[in-house]
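Here are the chains, one letter per residue:
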Amino acid sequence: MYNFTFQNPTKLVFGKGEIAQLSTLIPTEKKVMITFGGGSVKHNGVYEQVIAALKNHNYIEFWGIEPNPEVETVRKAVALGKENEIDFLLAVGGGSVLDGTKLIASALANPGIDPWDIVLQRRIETAISYASVMTLPATGSEMNCGSVISCREKKEKYAFSTTFPEFSILDPEVTYSLPANQIACGLADIFVHVAEQYMTTAGQSRIMDRWAEGVLQTVIEIAPKIKENQNDYDVMADYMLSATLALNSMISMGVTQDWATHMIGHELTALHGLTHGASLAIVYPGTLITLKEQKQSKILQYGERVLGITSGTESERINETISKTEAFFRSLGLATRLTEVGIGDETINLIAERFNKIGVAYGEGRNVTGDVAKQILLNCK
Ligand code: NZQ
Ligand code: ZN
């Protein structure tokens, strides 16, 4: 196990009716801007609960943070925040609303820097206080310091890191209104978050491996139950908590990480608008096929412990494990091949070119260059 420092300051407030806690979680002297997406919260009762809880607060509303939040929208929110001397942001929505809010909070604390430059510098140390009411279990953004922002004009999508949310409220009942496709993409996102921190080199940490395998097993177990009944509170509670635990650094202490699939997936979204989880369901099987030798021992361990694959030669078990992983994504109702979503060689070459130009080297072995990314994408066709 490598040396590490772990600190996660976000307070999690979890359960039915907990949105009401907003009334005391945010000090009444704060000037609050509440940020929203496109309006889902007006159809599922979340908006009413937030407004009722903040009836004694001084707040304004900013609407329209889109899926794959765009820097152009963030700039408008920053201008409104400045004009109103906002000193607290509350994101109410999915990962996109929260990620956009993380950039708004960072830009309000650093008025001399354009928001896109904050993204490009990849890390900023200061942001004004912000918190969330998370309505979509997927990104883990509710308990991490990451944010992923797109620039529409340049067709680019990059991650940066900032401060953590002060608190996040997770009420599983808010997930009852999620469209089936968002749930499928959310489950795929959680699965691949775990994989990015787990499917690397074997033998680094027993405890991290068991945490990660526990989340993967949970996701595989609950996926069909959610399809059966999306209003089952306990199942949705496990879904919600799986998302948070998959990306709040609890499963990555002292171990190497991959993230190549995410970086390639972000390119597919930037260039073609694919939903984040949908991009991962396509890229991840290709990553496993391409890097199966490097990841051999871990794929075997995952196959045995998570999928119960114990018979056959090592090579047969690895191939079966990869097929079953792809089958899991398909069972969610997601496409797993680029051809199914109309993406071909032109995009594959462009992504390879972009990666080679920046000189990236992703993956736990720092060997996923543009050329390897191309190989991965060719294996996703
Ligand atoms: O915009 P509204 O109207 O609110 O509707 C949203 C949106 O259309 C809807 N939705 C959210 N909660 C709902 C709901 N509809 C009904 N009922 C509810 N309870 O769902 C749609 C998608 O929302 P979005 O926020 O885009 O989805 P998600 O949470 O999956 O976020 C995706 C973004 O997060 C980034 C992705 O790249 C993408 O940009 N990621 C952020 C990470 C992080 N901060 O750590 C890590 C991830 O790997 C990921 O890259
Ligand atoms: Zn993700």
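Our structure is the block above this text.
Residues numbered from 1 in each chain as written. Chains lettered and ligands numbered in written order. Predicted model: local features only at pLDDT ≥ 70, side-chain atom pairs only at ≥ 80, totals over all residues. Heavy atoms only, no water.

Caption draft 1: A look at the packing of aromatic side chains. Going through the model one piece at a time under the given rule, you end up with 10 aromatic pairs. Taking 5.4 Å as the distance between ring centres and 80° as the angle between the ring planes, the aromatic pair formed by Phe191 and Phe329 counts as edge-to-face. Of this pair, Phe191 sits in helix 7 (residues 180–198) while Phe329 is found in helix 13 (residues 314–331), placing the two residues 138 residues apart along the sequence. Judged by relative accessible area, Phe191 falls into the buried class, the value being 1%. We classify Phe329 as buried; its relative accessible area is 0%. Relative to Tyr362, the ring of Phe355 lies with its centre 5.4 Å away and its plane at 75°, an arrangement referred to as edge-to-face. The lysine or arginine in question, Arg122, covers the ring of Tyr158, its NZ or CZ lying 4.6 Å from the ring centre. Note that Lys298 overlies the ring of Tyr198, its terminal NZ or CZ placed 4.5 Å from the centroid. (Phe/Tyr/Trp six-rings, centres within 6.5 Å; stacked < 30°, edge-to-face > 60°. Helix = DSSP H or I, 4+ residues; strand = E, 2+ residues; numbered from the N terminus. Buried < 20%, exposed > 50% of the residue type's maximum accessible area, 1.4 Å probe, protein only. Lys NZ or Arg CZ within 6 Å of the ring centre and 35° of its normal.)

Caption draft 2: Seen up close, unusual backbone geometry. One non-glycine residue, Arg122, lies in positive phi territory at about 75°. One can find Arg122 in the loop between helix 6 (115–120) and strand 5 (129–134). The phi angle at Lys155 is positive, at roughly 55°, despite the residue not being glycine. Within the secondary structure layout, Lys155 lies in the loop between strand 6 (146–151) and strand 7 (156–161). The exposure class of Lys155 is partly exposed, given its relative accessible area of 43%.

Caption draft 3: Main features of the environment of Val71. With respect to the element layout, Val71 can be found in helix 4 (residues 71–83). Among all residues touching Val71, those that are not within four sequence positions of it are Leu103, Pro115, Trp116, Ile149, Ser150 and Cys151. (Contact = heavy atoms within 4.5 Å.)

Caption draft 4: Quick peek at the layout of surface pockets. By volume, the second largest pocket is sized at about 200 Å³. Lining the second largest pocket are 13 residues, and of these Ile183, Leu187, Ala223, Lys227 and Leu332 lie nearest its centre. Breaking the lining of the second largest pocket down by element, the ones donating at least two residues are helix 7, helix 8 (206–228) and helix 13. Residue composition of the lining of the second largest pocket, grouped by class: 10 nonpolar, 2 polar and 1 charged. (1 Å grid on protein atoms, 1.4 Å probe; cavity = no way out; pocket = protein on both sides within 12 Å on 5 of 7 lines; lining within 4 Å. Points joined across faces, edges and corners; volume = space filled by probe spheres on them. Nonpolar A, V, L, I, M, F, W, Y, C, P; charged D, E, K, R; others polar.)

Limitation: the analysis is restricted to geometry and does not speak to function.
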